[in-house]
Amino acid sequence: MQVVPVTSAPPGTDQSGPVLMWLEDGRGAIARGMAVELSKERARIRLTEAATLAPGDEVAVRLSFDRDRDTVGATGRVLSIRTNGGEPVCELEWTHTGPAREQLGALIAARV
C-alpha cells in the first residue's frame, strides 16, 4: 500500500493548502478535518473537533484537494478514532468502487 503524506499537491493545484475532508455518518452528523495521510485503500484524518464517529461507522466523504476545484466524493468505513496530542484522529478505509474510486486513486497517485 502506497501511503502519501499530505504535504504536496498535484501540478496545477494549490500547492500550499491541506486536503480538507468532511465525513457524514448515517445519523447526519458531520465531522470535519484535514488529511494527514492518503492511500488508495485508506485515509488518516486529523479532525478539527471531537466527533460522534465510532469504529465500524459507514460514512459519506467529501475531499477538497484545491479550493478552486470541485470536491471529490467517496464512501468509507471508520477503522479507529484515536486522540493524538489532544486532537482526534480518524482512520478509515475506502468502500466505494467504480469511476469515483478511480478518480480518487488518480488524485492520490498524482500527489507522489
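Residues numbered from 1 in each chain as written. Predicted model: local features only at pLDDT ≥ 70, side-chain atom pairs only at ≥ 80, totals over all residues. Heavy atoms only, no water.

A. Expanded view of the nonpolar core. Counting residues in each nonpolar core, the largest one holds 22 residues, and the members touching the most others are Met21, Leu23, Leu38, Val61, Leu63, Leu92 and Trp94. At the level of secondary structure, the elements contributing two or more residues to this core comprise strand 2 (20-24), strand 3 (30-39), strand 4 (42-47), strand 5 (58-64), strand 6 (72-84), strand 7 (87-94) and helix 1 (99-109). (Core = buried A, V, L, I, M, F, W, Y, C linked by side-chain atoms within 4.5 Å. Buried < 20%, exposed > 50% of the residue type's maximum accessible area, 1.4 Å probe, protein only. Helix = DSSP H or I, 4+ residues; strand = E, 2+ residues; numbered from the N terminus.)

B. Quick look at the environment of leucine 92. Inspection of the secondary structure puts leucine 92 in strand 7. Apart from residues no more than four positions distant in its own chain, leucine 92 is found in contact with Leu23, Glu41, Arg42, Ala43, Ile45, Val59, Val61, Gly76, Arg77, Val78 and Leu79. (Contact = heavy atoms within 4.5 Å.)

C. Layout of the pairing of strand 4. Only one face of strand 4 is buried: it carries Ala43, Ile45 and Leu47, and the other face, with Arg42, Arg44 and Arg46, is open. Bridge count between strand 3 and strand 4: 5 bridges; the pairing is antiparallel. Each bridged residue has a counterpart across the sheet, and for leucine 38 the counterpart in strand 4 is alanine 43. In this antiparallel pair of consecutive strands, strand 3 and strand 4, the connection spans 2 residues. (Pairing = 2+ DSSP bridges.)

D. Inspection of the environment of aspartate 25 at higher detail. Locating aspartate 25 in the fold gives a position in the loop between strand 2 and strand 3. As a C-alpha pair, aspartate 25 and threonine 52 span 27 residues in sequence and 8.7 Å in three-dimensional space. Filtering out sequence-adjacent residues up to four positions away, aspartate 25 remains in contact with Thr52, Leu53, Glu58 and Val59. Within the structure, the side chain of aspartate 25 is placed 2.7 Å from the side chain of arginine 27, a separation counted as a polar contact. Among the polar contacts listed, one links the side chain of aspartate 25 to the backbone nitrogen of alanine 29, at a separation of 2.9 Å. (Polar contact = N/O pair within 3.5 Å; in protein donor to acceptor, adjacent residues only side chain to side chain.)

E. Spatial organisation of the pattern of salt bridges. Scanning the entire structure with this criterion turns up 9 salt bridges. The partner of arginine 27 in a salt bridge is aspartate 57, with the nearest N and O atoms 3.9 Å apart. Pair noted here: arginine 27 is in the loop between strand 2 and strand 3 and aspartate 57 is in the loop between strand 4 and strand 5, with a separation of 30 residues, a long-range link. What makes arginine 27 exposed here is its relative accessible area of 58%. Where glutamate 49 meets arginine 32, a salt bridge forms, and the shortest distance between an N and an O atom there is 3.9 Å. Highlighted residues: glutamate 49 in the loop between strand 4 and strand 5 and arginine 32 in strand 3, separated in sequence by 17 residues. (Salt bridge = Lys/Arg side-chain N within 4 Å of Asp/Glu carboxyl O.)

Read these as layout, nothing more, since geometry by itself doesn't imply function.
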